[in-house]
Amino acid sequence: MEGSGSGSVAASSGLADCSLVFWTLCSVLLPVLITLWCSFQRSRRQLLIRDIFRKSKHDWHYTDLFGQPTYCCVCAQHILQGAFCSCCGLRVSEGCLKKADQRFLCKEIVMRSGSGAHGSMPHHWIRGNVPLCSCCMVCKQQCGTQPKLCDYRCVWCQYTVHDECMVDHLKTQECMFGEFRDLIIPPYYLSAINQLRKDKRTSYEKVVPYSRKHWMPIIILANTRSGNNMGETLLREFKILLNPVQVFDLSKTAPAKALQLCLLLPCNAVRVLVCGGDGTVGWVLDAIDEMKIKGQEQFIPQVAILPLGTGNDLSNTLGWGAGYAGEVPVEQILRNVMEADGVKLDRWKVQVTNKGYYNLRKPKVFTMNNYFSIGPDALMALNFHAHREKTPSLFSSRIINKAVYFFYGTKDCLVQECKDLNKKVELELDGERIELPNLEGIIVLNIGYWGGGCRLWEGMGDEPYPLARHDDGLLEVVGVHGSFHCAQIQVKLANPVRLGQAHTVRLILKSSKMPMQVDGEPWAQGPCTVTITHKTHALMLYHSGEQTDDDASSTSEPEPAREQTDEDE
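Not measured: the values here are computed from a predicted model.

Caption draft 1: Spotlight on the overall build of the protein. Across its full length, the protein holds 15 helices and 24 strands. Counting across all 569 residues of the protein, residues that qualify as buried make up 49%. A separation threshold of at least 6 residues defines the contact pool for the protein, and within that pool the share at least 24 residues apart is 69%. In the structure as shown, the protein presents an accessible area of about 28600 Å², 55% of it carried by carbon and sulfur atoms.

Here it is as structure tokens:
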């Protein structure tokens, strides 16, 4: 009896152990299996979404969180995450994406049929998610006030209409493209141009709106890698307001290719808005120079700037401000471009010829828009450039970029790597040799601003020099005593050493290796001869509405002088 009792106890103990092992395995494996299943379903769902995005005519983007109350255009439910089209503004939940893609048409960049060949097209209405503070075009009352999918918006003219005000004739009414009709390239225009090209005709004058007096079509060129990485957001907002064919991402399409659109548009009427830093502007201007070489000079556009870079001195000179961080609505930017005046910008050829009797290499040739320098500011740019090449992800903020510049400037104040520059170089202005004082740097200026917003040539004090012009064919040449002197100049505690003005500048580096830069592109240079001569003019747009701190300090000048200053910048 005792043996059978102990056997049953052992058997029950074994069953308990097996049960414990089983439930332990279940408690461990079940969450793992659930996690794997959810991961598989998520990956499968993402593949389906990407497949829809790839095949769709909409420009879909997925977001985890909408920035304002949003309703699905299919099921009308409130959504926190989902997809939106950056061209027409449709917003849908993840589950309704396929239905929305099949049900709703996106903006047509070119009319599919000949219905628009005569120069008109109806409104393209999208229901719901209208902009805040928009007014109904019928009753003039505010739209989008109810917490549901309601009211309509035209994707071209941006007019909005209440549900109850939407009548049949509005659905077929001709769209006049709203406030920015003079900037938009209509789909029916491109359709007519394509037909003419198929017929091998180039007489575009009779195509509406080619001959319209105030039509100034705009092309947007945005560098999504510039400065504070606002390019992506700007691209989407411009696509909403304009024809998407007018908006280009320079990380995907080179400026030379994007500017070929100018050949289909009226001569001397196109305006280009470059969203990026001064380097991006130089890239676009180089592409425009290529158009001149190809004999396309009559199609050359005028260039405006939306400053997204770090320094933005050219933008500041032309009145577009020292930096853009989203504080001005995109609509106002387009208004500024429409109202801007045309000016010329000198562009200069910088030729660097290495010394040596047996040097068979071709001279290095650069194009300068802003300034050339040798010395401490070029050294800061060189160190910054080397650091950014190693860790580009760290340099996504304008504040961080300026902080790195400050660090290298402070370091040079202690080390003084460029001292005794006057013993290493010779300077000639229009063939006349200049006796140099004790300097660490030389800066050759084409524009009024330098170093992120400092009026270098004008200076400060009782007898300020006149502003440097960017269209007079003259270069201003100044010297600096070091990094600390540069910092003093920027906070208006010192003036530069003014060496003179000239049409041609020649600089001879006799010995050692020195840092040089052209428009923020730095390099280390051995003994050489640098020659700067006039190359060409660029057609730019000047905006008189922007005012910097330096401008504010000059408001006490007489009105005629102020007008001249605006022109000079």
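Right, picking up where we left off after that structure.
Caption draft 2: View of the sheet that holds strand β6 (residues 125-127). With respect to topology, 3 strands assemble into an open sheet ordered β6-β7-β8, the strand pairing being antiparallel. Each end of this open sheet is capped by a strand with a single partner; those strands are β6 and β8 (160-161). Direction of pairing for strand β7 (residues 152-154) relative to β8: antiparallel, over a ladder of 2 bridges. Considered in β8, the bridge of Tyr 152 is made with Val 161.

Caption draft 3: Representation of the UniProt feature "transmembrane region" (unreviewed entry) in the protein. According to UniProt, the feature "transmembrane region" (unreviewed entry) maps to residues 20-40 in the numbering used here. Between the end C-alpha atoms of residues 20-40 the distance is 30 Å, and the span holds 100% helix and 0% strand.

Caption draft 4: Fine view of the packing of aromatic side chains. Under the defined criterion, the tally for this structure stands at 5 aromatic pairs. Residues Trp 156 and Phe 177 carry aromatic rings whose centres are separated by 5.7 Å and whose planes lie at 80° to one another, so their mutual orientation is edge-to-face. Highlighted residues: Trp 156 in the loop between β7 and β8 and Phe 177 in the loop between α3 (168-172) and α4 (187-198), separated in sequence by 21 residues. Since its relative accessible area comes to 5%, Phe 177 is described here as buried. With a centroid separation of 5.1 Å and an interplanar angle of 70°, the aromatic rings of Tyr 189 and Trp 215 are classed as edge-to-face. Here the residue Tyr 189 occupies a position in helix α4, and Trp 215 occupies one in the loop between α4 and β9 (218-222), the gap between them amounting to 26 residues. Among the aromatic residues, those joined into a cluster by ring pairs are Trp 156, Phe 177 and Tyr 188. Sitting over the ring of Trp 156, Lys 107 keeps its end group 4.8 Å from the ring centre.

Caption draft 5: Looking closely at the confidence of the model for the protein. The predicted model of the protein averages 83 in pLDDT, with 85% of residues at 70 or higher. Counting contacts from residues 546-569, a segment whose pLDDT is below 50, to residues more than four positions away or on other chains yields 40 contacts.

Caption draft 6: Structural context of the nonpolar core. Ranked by size, the top nonpolar core spans 105 residues in total, and within it Tyr 189, Phe 238, Leu 273 and Met 540 carry the most contacts. Here this core spans two domains, since at least three of its residues come from each of domain 1 (49-106) and domain 2 (216-339). Those residues in contact with Phe 238 that sit more than four places away from it in its chain are Ile 220, Val 247, Leu 273, Cys 275, Val 330, Ile 333 and Leu 334.

Caption draft 7: Just the side chain of Asn 354, in detail. As for its position among the elements, Asn 354 is in strand β13 (residues 341-354). Judged by its relative accessible area of 18%, Asn 354 falls in the buried class. Reaching out from Asn 354, the side chain makes a polar contact with the side chain of Gln 525 at a distance of 2.6 Å.

Caption draft 8: Region of interest: the packing of helix α5 (residues 231-241) against helix α9 (residues 330-339). Closest axis-to-axis distance for the α5/α9 pair is 10 Å, and the angle between their directions is 70°. With respect to each other, α5 and α9 are oriented roughly perpendicular. For the pair α5 and α9, contact is made by Leu 234, Glu 237, Phe 238 and Leu 241 and by Val 330, Glu 331, Ile 333 and Leu 334, respectively. Class assignment of the residues belonging to the contact of α5 with α9 gives a composition of 6 nonpolar, no polar and 2 charged.

Caption draft 9: Representation of the pattern of salt bridges. Applying the stated criterion across every chain, the model contains 13 salt bridges. Of the charged contacts in the structure, one is a salt bridge between Asp 471 and Arg 469, with a shortest N-O distance of 3.1 Å. Judged by relative accessible area, Asp 471 falls into the partly exposed class, the value being 25%.

Caption draft 10: Up close: the sheet that holds strand β1 (residues 60-63). What the 3 strands build is an open sheet, ordered β1-β4-β5; its pairing is antiparallel. Taken across any chain shown, the strands that pair with only one partner, and hence form the sheet edges, are β1 and β5 (91-92). Pairing analysis gives 2 bridges linking strand β4 (residues 82-85) to β5, with the strands arranged antiparallel. Residue Ala 83 lies in a different strand from β5, and its bridge partner there is Val 92.

Caption draft 11: Examining the pairing of strand β19 (residues 475-480) more closely. Taking burial as the measure, the 6 residues of β19 include 6 buried ones, the bulk of the element. Of the two faces of β19, the one holding Leu 475, Val 477 and Gly 479 and the one holding Glu 476, Val 478 and Val 480 are both buried throughout. Bridge count for strand β18 (residues 441-445) against β19 is 5 bridges, and the pairing is antiparallel. Bridging from a neighbouring strand, Ile 442 pairs with Gly 479 of β19. Here 5 bridges tie β19 to strand β20 (residues 497-502), and the two strands are oriented antiparallel to one another. Of the residues in β20, the one forming a bridge with Val 477 is Gly 500.

Caption draft 12: Inspection of the pairing of strand β22 (residues 514-518) at higher detail. Of all 5 residues making up β22, 5 are buried, and the element is well covered by its neighbours. Burial of the side chains of β22 extends over both faces: Met 514, Met 516 and Val 518 are buried on one face and Pro 515 and Gln 517 on the other. Where β22 hands over to strand β23 (residues 521-525), the hairpin turn is made up of 2 residues, of which Asp 519 adopts a positive phi near 50°.

Caption draft 13: Structural view of α9. Val 330, Ile 333, Leu 334, Asn 336 and Val 337 are the residues of α9 that are buried. Seen from one end, α9 has its buried residues packed into an arc of 155°, which puts them on one side. Residues of α9 that are buried make contact with β9, α5, β11 (271-276), β12 (302-307) and β24 (528-542).

Caption draft 14: Local environment of the environment of Glu 327. Relative to the elements of secondary structure, Glu 327 occurs in the loop between α8 (313-317) and α9. Engagement of the side chain of Glu 327 in a polar contact is seen with the backbone nitrogen of Ala 325, the distance being 2.8 Å.

Caption draft 15: Region of the structure containing a nonpolar patch on the surface. Together, Val 21, Leu 25, Val 28, Leu 29, Val 32, Leu 33 and Leu 36 make up a nonpolar patch on the protein surface, roughly 640 Å² of accessible area in all. As for its placement among the helices and strands, Leu 29 is situated in helix α1 (residues 2-55).

Caption draft 16: The side chain of His 123, seen in detail. Along the polypeptide, His 123 turns up in the loop between α2 (97-103) and β6. Non-local contacts of His 123, meaning those with residues more than four positions away in its chain, are made with Cys 154, Cys 157, Leu 170, Lys 171, Gln 173, Glu 174 and Cys 175.

Caption draft 17: Region of the structure containing the state of the cysteines. In this structure the tally under the stated criterion is 0 disulfides. This cysteine, Cys 75, is not joined by any disulfide, and Cys 72 carries the nearest cysteine sulfur, 3.6 Å off.

The rules behind these values
Residues numbered from 1 in each chain as written. Predicted model: local features only at pLDDT ≥ 70, side-chain atom pairs only at ≥ 80, totals over all residues. Heavy atoms only, no water. Helix = DSSP H or I, 4+ residues; strand = E, 2+ residues; numbered from the N terminus. Buried < 20%, exposed > 50% of the residue type's maximum accessible area, 1.4 Å probe, protein only. Contact = heavy atoms within 4.5 Å. Areas by Shrake-Rupley, 256 points an atom, 1.4 Å probe, with all protein chains shown as cover. Pairing = 2+ DSSP bridges. UniProt positions renumbered as here; feature names shortened; annotations may be inferred. Phe/Tyr/Trp six-rings, centres within 6.5 Å; stacked < 30°, edge-to-face > 60°. Lys NZ or Arg CZ within 6 Å of the ring centre and 35° of its normal. pLDDT = per-residue confidence, 0-100. Core = buried A, V, L, I, M, F, W, Y, C linked by side-chain atoms within 4.5 Å. Domains from an automatic or database assignment. Polar contact = N/O pair within 3.5 Å; in protein donor to acceptor, adjacent residues only side chain to side chain. Axes fitted to C-alpha atoms, helices over the stretch in contact; angles between N-to-C directions. Parallel < 35°, antiparallel > 145°, perpendicular 65-115°, else oblique. Nonpolar A, V, L, I, M, F, W, Y, C, P; charged D, E, K, R; others polar. Salt bridge = Lys/Arg side-chain N within 4 Å of Asp/Glu carboxyl O. Arc of directions from axis to C-beta. Patch = residues over 30% accessible without salt bridge, like charges linked within 9 Å, V, L, I, M, F, W, Y side chains within 5 Å. Disulfide = S-S within 2.5 Å.

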